[in-house]
Amino acid sequence: MSEFDDLMRQKAVALKYNPEKNGAPVIVASGMGYLAERITETALEAGVPVYEDDSLATLLTQLQLGSEIPRELYQAIVDIYIYFLGFVPGQEEKQAGEAEEKEEDLSGQEETGTAETRQ
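This is a predicted model, so every value here is computed, not measured.

1. With respect to the packing of aromatic side chains
Consideration 1: Counting across every chain of the model gives three aromatic pairs.
Consideration 2: Aromatic side chains Y51 and Y83 sit 4.8 Å apart centroid to centroid with 85 degrees between the ring planes, which places their arrangement in the edge-to-face category. With Y51 in the loop between helix 2 (34-45) and helix 3 (54-61) and Y83 in helix 4 (residues 74-84), this pair connects stretches of sequence that are 32 residues apart.
Consideration 3: An aromatic cluster of at least three residues, connected via ring pairs, comprises Y51, Y83 and F84.

Structure follows, in structure tokens:
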């Protein structure tokens, strides 16, 4: 498969949550292909955490820009926000190592997690 084909399969969605204005997170950017790549690059440059999940990205890219996420996806988005509570820009490598250690400590326990942006 070519690099172009890989690029065209990428999907990205950016969410914003302001509890004073909205009842749920709102889709502020969404795209596929080159646009998905630019959304992800812009987020990383701005220090916004990026979390990858093909299935969730596919669902979210089907929603209209400016719409709130549906109630059925609340738990998936909450799981991502909880995951990012400890996010510190520039420390992705350190967090990856800590996540591996936590996985070892949690072996045998049920784990729940989803993601939000890229495919």
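2. Topic: helix 2
Consideration 1: Counted at 1.5 Å a residue, the expected span for helix 2 with its 12 residues is 16 Å, and the 16 Å between its end C-alpha atoms agrees.
Consideration 2: Residues of helix 2 that are buried include every one of A36, I39, T40 and A43, and no others. The buried residues of helix 2 occupy an angular sector of 95 degrees when the element is viewed end-on, so they sit on one face. When the buried face of helix 2 is taken as reference, the exposed residues oriented beyond 90 degrees from it are Y34 and E45.
Consideration 3: Where helix 2 is buried, its residues contact strand 1 (11-16) and strand 2 (26-32).
Consideration 4: Looking one or two residues past helix 2, G47 carries a phi angle of roughly 80 degrees, positive in sign.

Each value, and the rule that gives it
Residues numbered from 1 in each chain as written. Predicted model: local features only at pLDDT ≥ 70, side-chain atom pairs only at ≥ 80, totals over all residues. Heavy atoms only, no water. Phe/Tyr/Trp six-rings, centres within 6.5 Å; stacked < 30°, edge-to-face > 60°. Helix = DSSP H or I, 4+ residues; strand = E, 2+ residues; numbered from the N terminus. Expected span 1.5 Å × (residues − 1). Buried < 20%, exposed > 50% of the residue type's maximum accessible area, 1.4 Å probe, protein only. Arc of directions from axis to C-beta. Contact = heavy atoms within 4.5 Å.

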